Amino acid sequence: MELVDNKKQIYIIVATLLFAIIAMAGAYFYLLLYKQSLELKNSLDIAKDNISRAQKDNSDLQEANDNLSESLAASQAQNAVFESQIREISGTVGTLQKLSETDPELLKKYSKVYFLSENYIPAKLVPIDAQYLWNGTKLQQIQGDTAPFLVNMLIMASSSGINLKIVSAYRSFYDQLLAKTSYKILYGSGANQFSADQGYSEHQLGTTVDLTVPKFNDLSLKFENDDAYAWLRGNAYKFGFVLSYPKNNSYYQFEPWHWRFVGVALAKNLHDSNKNFYDLTQREIDQYLISLFDSQ
Ligand SMILES: [Zn+2]
């Protein structure tokens, strides 16, 4: 009986010990897991910190970037202002230079009392190609900037079947004086009326031409009824040429052959408003000086 009791006691002790060991092991593993979870939590916190720091850095960078973009835009705007100021200044300089290089005489109105000075000679004179001359053996000259407008007009006329020829272009004061003298000898006191033509000041400018077609011997009032005259009336303004003395004008006798270069803009304006060069005031005309040699 006692032996049985002892055995029981031993079982109880062993069981108790086993239980204690299991409990301690459990506690140990629990603590171990707990410690690991703490460490994990810690690492997680650190990672979260890192992420939020990176996010902040990123937004700082973004802000810095925004600031830079703003300053860039501001300096670009400033540059644009400078640029437009420079453009404006150089535009003004260009305009002034263009004006200073354009001879104001070339758009002056001349009259029976207001002539060019006898000493006036246009700055640039160039010879006209003989193919455009009525008399190819006699040299004719034209003001250099006017030459391309004249040649273009003659080429365009020719392509419409109009064979325009230049009888006379630049004439010096003395050329004209000689011509008048010879007319006087031939025609006596009637010379002034007949001495083609009254617009000699305009010829002295170098921007004016007397035109005809080969069927006429020279300048002729019959030119008025020719297709060439009709073509000039409808097209010469596109090349900057106008008829100085149209029919029934109040200044001079009608001269259908006498065409003066006044620039495309002014010629077009005169054509569109059905006015003559000498109808405008000098002040109105002078506004076109700046664009005298512009192609439109
Ligand atoms: Zn003339």
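Residues numbered from 1 in each chain as written. Predicted model: local features only at pLDDT ≥ 70, side-chain atom pairs only at ≥ 80, totals over all residues.

> Where do I start with the sheet that holds strand β4 (residues 208-212) in this structure?
The strands making up a sheet associate through hydrogen bonds between their backbones, and the pairing can be parallel or antiparallel. Pairing is antiparallel in the open sheet, where four strands are placed in the order β3-β4-β6-β5. Strands at the two margins of the open sheet, each flanked by one partner only, are β3 (165-168) and β5 (241-243). Strand-to-strand twist across the sheet, computed as the mean angle between neighbouring axes with direction ignored, equals 45°. By the bridge criterion, three bridges tie β3 to β4 in an arrangement that is antiparallel. Bridge pairing links lysine 165 to threonine 212 in β4. (Pairing = 2+ DSSP bridges. Helix = DSSP H or I, 4+ residues; strand = E, 2+ residues; numbered from the N terminus. Axes fitted to C-alpha atoms, helices over the stretch in contact; angles between N-to-C directions.)

> What should I look at first to understand helix α2 (residues 147-159) in this one?
Spacing of three or four residues puts side chains on the same side of an α-helix, whose turn is 3.6 residues. Over its 13 residues, α2 runs 18 Å from end to end, which matches the ideal 18 Å to within 8%, given 1.5 Å per residue. For α2, the set of buried residues is Ala147, Phe149, Leu150, Met153, Leu154 and Ala157. Where α2 is buried, its residues contact β1 (125-127), β2 (141-143), β4, α6 (227-235), β5 and β6 (258-261). (Expected span 1.5 Å × (residues − 1). Buried ≥ 20, exposed ≤ 12 C-beta atoms within 10 Å, placed from the backbone. Contact = placed C-beta atoms within 7 Å.)

> So what exactly am I meant to see when it comes to the environment of phenylalanine 149 here?
Of note, phenylalanine 149 is situated in helix α2. Sequence spacing of phenylalanine 149 and phenylalanine 239 is 90 residues, and the spatial spacing of their C-alpha atoms is 5.5 Å. Non-local contacts of phenylalanine 149, meaning those with residues more than four positions away in its chain, are made with Phe239, Gly240 and Phe261.

> Looking at this structure, I do not really get the domain arrangement of the protein. What am I missing?
By a widespread convention, an interface's size corresponds to the accessible area lost as its parts come together. Domain boundaries in the protein define domain 1 (1-101) and domain 2 (104-291). Averaged C-alpha coordinates put domain 1 and domain 2 at centres separated by 88 Å. (Domains from an automatic or database assignment.)

> For this particular structure, what's the right way to read the nonpolar core?
Where a protein is soluble and globular, its nonpolar side chains tend to be buried together. Formed by 42 residues in total, the largest nonpolar core has its most connected members in Met153, Ile166, Ala236, Phe241, Val242, Trp259 and Ala267. When residues of this core are assigned to their parent elements, the largest contribution, six residues, is made by α2. In contact with alanine 236, not counting residues within four places along its chain, are Met153, Phe241, Val242 and Trp259. (Core = buried A, V, L, I, M, F, W, Y, C linked by C-beta atoms within 7 Å.)

> Looking at this structure, how should I read unusual backbone geometry?
Glycine aside, residues mostly have negative phi, and peptide bonds are mostly found in the trans state. Despite not being glycine, asparagine 248 has its phi angle at roughly 65°, a positive value. Position of asparagine 248 relative to the elements: it lies in the loop between β5 and β6. Asparagine 248 gets classed as exposed once you count the C-beta atoms within 10 Å, which come to 6. A positive phi angle, close to 55°, is found at asparagine 274, a residue other than glycine. By secondary structure assignment, the location of asparagine 274 is in the loop between α7 (264-272) and α8 (282-286). Note on asparagine 274: 7 C-beta atoms within 10 Å, which makes it exposed.

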